[in-house]
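Chain by chain, the residues run as shown.
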Amino acid sequence: MDNEGNKATDTMELAFEIDDVRHDLAKWAADKSKSVKNHCASIDGALEATILGKPYWQPTTQIAGWLACIERDLATQKEAGQ
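For clarity, every value in this text was computed on a predicted model and none was experimentally measured. (Residues numbered from 1 in each chain as written. Predicted model: local features only at pLDDT ≥ 70, side-chain atom pairs only at ≥ 80, totals over all residues. Heavy atoms only, no water.)

Engineer: Which residues make up the nonpolar core, and what are the values?
Structural biologist: With 11 residues, the main nonpolar core is built from I18, L25, A29, V36, C40, I43, A46, L47, I63, W66 and I70. Only α1 (3–29), α2 (34–51) and α3 (59–79) provide two or more residues apiece to this core. The dominant element in this core, judged by the number of residues it contributes, is α2, at five residues. Discounting chain neighbours no more than four positions away, the residues touching V36 are W28, I70, D73, L74 and Q77. (Core = buried A, V, L, I, M, F, W, Y, C linked by side-chain atoms within 4.5 Å. Buried < 20%, exposed > 50% of the residue type's maximum accessible area, 1.4 Å probe, protein only. Helix = DSSP H or I, 4+ residues; strand = E, 2+ residues; numbered from the N terminus. Contact = heavy atoms within 4.5 Å.)

What follows is the structure in C-alpha cells.
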C-alpha cells in the first residue's frame, strides 16, 4: 500500500476510535447533571469536528477546560450529597 493509502487507513481507524469515545462519553453522561451533560456535549462536538476535519480552534485546550469543569461539577455535587 502506498503512503496515501496508509494515511487513509490510519485516519479511518482514528475516526472509529474517536467515535467509540464519543459513544462512551454519551453513555457515561446519561445520568449526570445538566451542567455535566452540557460540557460532555461540547466535548462531543469538538470530537465530531475533528473527525470531519474541521477542528475547533485549539481543541485540546478546549477539551481540557471542559474536563476541568466536569471534574469541578462532580466534586460540587458530591459535596452537596447528590
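Engineer: Provide a residue-level description of the environment of L25, including the pertinent values.
Structural biologist: Relative to the helices and strands, L25 resides in helix α1. Its relative accessible area of 16% is what places L25 among the buried residues. For the pair formed by L25 and I43, sequence separation is 18 residues and the distance between their alpha carbons is 8.8 Å. Not counting residues up to four positions away in its chain, the partners in contact with L25 are C40, I43 and D44.

Engineer: Give a description of the confidence of the model for the chain that names residues and reports values.
Structural biologist: Residues at a pLDDT of 70 or more form 83% of the chain, whose mean pLDDT is 84. Model confidence for the chain, summarised as mean pLDDT per element, is weakest for α1 at 83 and strongest for α2 at 89. (pLDDT = per-residue confidence, 0-100.)

Engineer: How would you explain α2 if you had to name every residue and give the values?
Structural biologist: In an α-helix there are 3.6 residues to a turn, and that puts residues three or four apart on one side. The end-to-end C-alpha separation of α2 is 25 Å, in line with the 26 Å expected for 18 residues at 1.5 Å each. G53 occupies a position one or two residues after α2 and carries a positive phi of about 80°. (Expected span 1.5 Å × (residues − 1).)

Engineer: So what's going on with the pattern of salt bridges? Residues and values would help.
Structural biologist: Applying the stated criterion across every chain yields a total of four salt bridges. Across the salt bridge formed by D19 and R22, the nearest N and O atoms sit 3.3 Å from each other. Here the residue D19 and the residue R22 both occupy positions in helix α1, the gap between them amounting to three residues, near one helical turn. On the basis of relative accessibility, which here comes to 38%, the residue D19 falls in the partly exposed class. Classification of R22 by relative accessible area gives buried; the value is 15%. Linking D44 and R22 is a salt bridge whose minimum nitrogen-to-oxygen distance equals 2.6 Å. Placement of D44 in helix α2 and of R22 in helix α1 is noted, with a sequence separation of 22 residues between them. D44 sits in the partly exposed class, given a relative accessible area of 23%. Here the residues in one salt-bridge network are D19, R22 and D44, joined through shared partners. (Salt bridge = Lys/Arg side-chain N within 4 Å of Asp/Glu carboxyl O.)

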